[in-house]
Amino acid sequence: MLKNKCFVRSNAAVFFTFLLFYLFSFSVASAQEKADVFSKPKFSGYAIGQYQYNGQHGAESNSFNLRMVRMSLSGRILGDFAYLLQGQVNGNTSTLGDSPRMVDVYIEWQKLPFLKIKAGQFKRPFTFENPMNPIDQGFMGYSQNIMKLAGFNDRVGEHSSNGRDIGVQVQGDLVKTASGRPLLHYQVGVFNGQGINTKDVDNRKDVIGGAWVMPVEGLRIGAFGWTGSYARKGSDGVKSLSKNRYAISGEYVFDDWTFRSEYIHSTGYGFKTVYNQSADAKADDVNTSAGNKSDGFYALAIAPVIKKKLHVKARYDLYRPQAEWGTSKTYYEVGVDYMFCKNLQINLEYAFVNDRSLDRHNYSMIDTQLSFRF
């Protein structure tokens, strides 16, 4: 009963925060419309409902699930500053990662296309897939290397942070064609390294950046780097673990076709437990048995059957938690999606899973998701 009350209060707190901010922003925008100080805020969001079957031996399951419900407010201040507040309102209060929480809170100066400055809590500038909306990403979930090595359910033991952190970033487009299409994009940021809604612990900062070239319309070829640390403070002081990562990425999107592939390599140990499961960080909490290297690779294709309406898709998704084949987990996925309209979509997917860490390596999964935007 107490958890249910906390869940209701947490959801209500997030909801009323958005409501009050919206009313305030609207009143300011109305009062100062002539001065063009505060634009009318845009309220939007999306929800994803899910049914999933998992045939893993000894852990079979099938369940309906409310995968995600998010609401956001966005707008502009003085014309040159864009802001976004986004909260995830479904979940529970038993764990930090699944609780209703703020995921994005940032403002970005956008006057110069070659030099934009962003500050707050937002997506880490690492890989092509990380910044994508979960619906636009195209499959039942982000690929394994993104989940484990880009700050979602990270291998270091960080709480679920949806690929985000708190910091400052600069980015921009350089070298344009005669038609104005940019040929080069760069982005680099400095972050706490602790994930969302969390202060720095060891006073070391993560530096993350990347750049990509766009030689033809729809094609991006990029590389990313990440160096920093993840730390916890326990009874025996602060324990800080270094992390160094790089990614190589490619994507080609044209005429409703999508091809995308990324490889990520990581060096650095992790903790044995997830942050919200353990408040203590003794030396023996470091998971040395898992090794200090991991990597992952995925390649996917999405093809239109009916343009902007019906698609078929396939993905090869590999993750090696110790950068060794004996520990690899691979998804072979095929699926289809249908868009009733731009705001309503249904996805159906089948995955054959090969997990070499299990006694019985192979099992099947079926995933169906209905998503809508507002």
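Residues numbered from 1 in each chain as written. Predicted model: local features only at pLDDT ≥ 70, side-chain atom pairs only at ≥ 80, totals over all residues. Heavy atoms only, no water.

### Description of the overall build of the protein
Turning to step 1, where the next piece is worked out: Across its full length, the protein holds three helices and 16 strands.
Turning to step 2, where the next piece is worked out: Going through the 374 residues of the protein one by one, you find that 45% of them count as buried.
Turning to step 3, where the next piece is worked out: In the protein, 57% of the contacts between residues at least 6 apart in sequence involve partners at least 24 apart.
Turning to step 4, where the next piece is worked out: For the protein, the accessible area works out to roughly 18000 Å², and carbon and sulfur atoms hold 61% of it. (Helix = DSSP H or I, 4+ residues; strand = E, 2+ residues; numbered from the N terminus. Buried < 20%, exposed > 50% of the residue type's maximum accessible area, 1.4 Å probe, protein only. Contact = heavy atoms within 4.5 Å. Areas by Shrake-Rupley, 256 points an atom, 1.4 Å probe, with all protein chains shown as cover.)

### Focus: the pattern of salt bridges
Turning to step 1, where the next piece is worked out: Summed over all chains, the structure comprises 16 salt bridges.
Turning to step 2, where the next piece is worked out: A salt bridge links R260 to E251; the shortest N-O distance between them is 3.4 Å. E251 shares its class with R260; the two are buried.
Turning to step 3, where the next piece is worked out: Measuring nitrogen to oxygen at the nearest pair gives 2.7 Å for the salt bridge that ties D337 to K313. With D337 in strand 14 (residues 329-341) and K313 in strand 13 (residues 310-320), the pair connects residues that are 24 residues apart, well separated along the chain.
Turning to step 4, where the next piece is worked out: Because the salt bridges share partners, they merge into one network encompassing E129, R220, E251 and R260. (Salt bridge = Lys/Arg side-chain N within 4 Å of Asp/Glu carboxyl O.)

### Points about the packing of aromatic side chains
Turning to step 1, where the next piece is worked out: With the rule as written, the count across this model stands at 21 aromatic pairs.
Turning to step 2, where the next piece is worked out: With a centroid separation of 6.3 Å and 55 degrees between ring planes, the pair formed by Y246 and Y263 is classed as tilted. Of this pair, Y246 sits in strand 10 (residues 237-254) while Y263 sits in strand 11 (residues 257-267), placing them 17 residues apart in sequence.
Turning to step 3, where the next piece is worked out: Classification of Y246 by relative accessible area gives partly exposed; the value is 39%.
Turning to step 4, where the next piece is worked out: Taking relative accessible area as the criterion, Y263 reaches 24% and is therefore assigned partly exposed.
Turning to step 5, where the next piece is worked out: Judged by centre distance (6.4 Å) and plane angle (45 degrees), the ring pair of Y332 and F352 falls under tilted. Residue Y332 is found in strand 14, and its partner F352 is found in strand 15 (residues 344-355); the two are separated by 20 residues along the sequence.
Turning to step 6, where the next piece is worked out: The class for Y332 is partly exposed, based on a relative accessible area of 42%.
Turning to step 7, where the next piece is worked out: Among the aromatic residues, those joined into a cluster by ring pairs are F126, F128, W212, F224 and W226. (Phe/Tyr/Trp six-rings, centres within 6.5 Å; stacked < 30°, edge-to-face > 60°.)

### Some details on the confidence of the model for the protein
Turning to step 1, where the next piece is worked out: Looking at the protein as a whole, the pLDDT averages 89, with 86% of positions reaching at least 70.
Turning to step 2, where the next piece is worked out: This model gives residues 1-10 a pLDDT under 50, and the stretch forms eight contacts once residues within four places in sequence are excluded. (pLDDT = per-residue confidence, 0-100.)

### Brief notes about the nonpolar core
Turning to step 1, where the next piece is worked out: Membership of the largest hydrophobic core comes to 23 residues, with the highest contact counts inside it found for F126, I146, F224 and I264.
Turning to step 2, where the next piece is worked out: Once residues lying within four places of it in the same chain are set aside, the contact partners of F126 are L149, A150, Q187, I208, F224, G225, W226, R245, Y246, A247 and I264.
Turning to step 3, where the next piece is worked out: Of all hydrophobic cores here, the second largest spans six residues; its members include A351, V353, Y363 and M365. (Core = buried A, V, L, I, M, F, W, Y, C linked by side-chain atoms within 4.5 Å.)

### Considerations on the side chain of S44
Turning to step 1, where the next piece is worked out: Looking at the secondary structure, you find S44 in strand 1 (residues 42-54).
Turning to step 2, where the next piece is worked out: When sequence neighbours within four positions are dropped, the list of residues in contact with S44 reads R70, M71, S72 and F374.

### With respect to a nonpolar patch on the surface
Turning to step 1, where the next piece is worked out: On the surface, a nonpolar cluster with roughly 600 Å² of combined accessible area is contributed by Y53, Y332, V334, L348, Y350, F352 and I366.
Turning to step 2, where the next piece is worked out: Of all the secondary structure elements, the ones that give two or more residues to the nonpolar patch are strand 14 and strand 15.
Turning to step 3, where the next piece is worked out: Ranked by residue count, the leading element in the nonpolar patch is strand 15, at three residues.
Turning to step 4, where the next piece is worked out: Tracing the backbone shows L348 in strand 15.
Turning to step 5, where the next piece is worked out: The exposure class assigned to L348 is partly exposed, which follows from its relative accessible area of 44%. (Patch = residues over 30% accessible without salt bridge, like charges linked within 9 Å, V, L, I, M, F, W, Y side chains within 5 Å.)

### Describing the environment of W257
Turning to step 1, where the next piece is worked out: Within the secondary structure layout, W257 lies in strand 11.
Turning to step 2, where the next piece is worked out: Residues in contact with W257, not counting those within four places in the same chain, are Y252, I302, A303 and P304.

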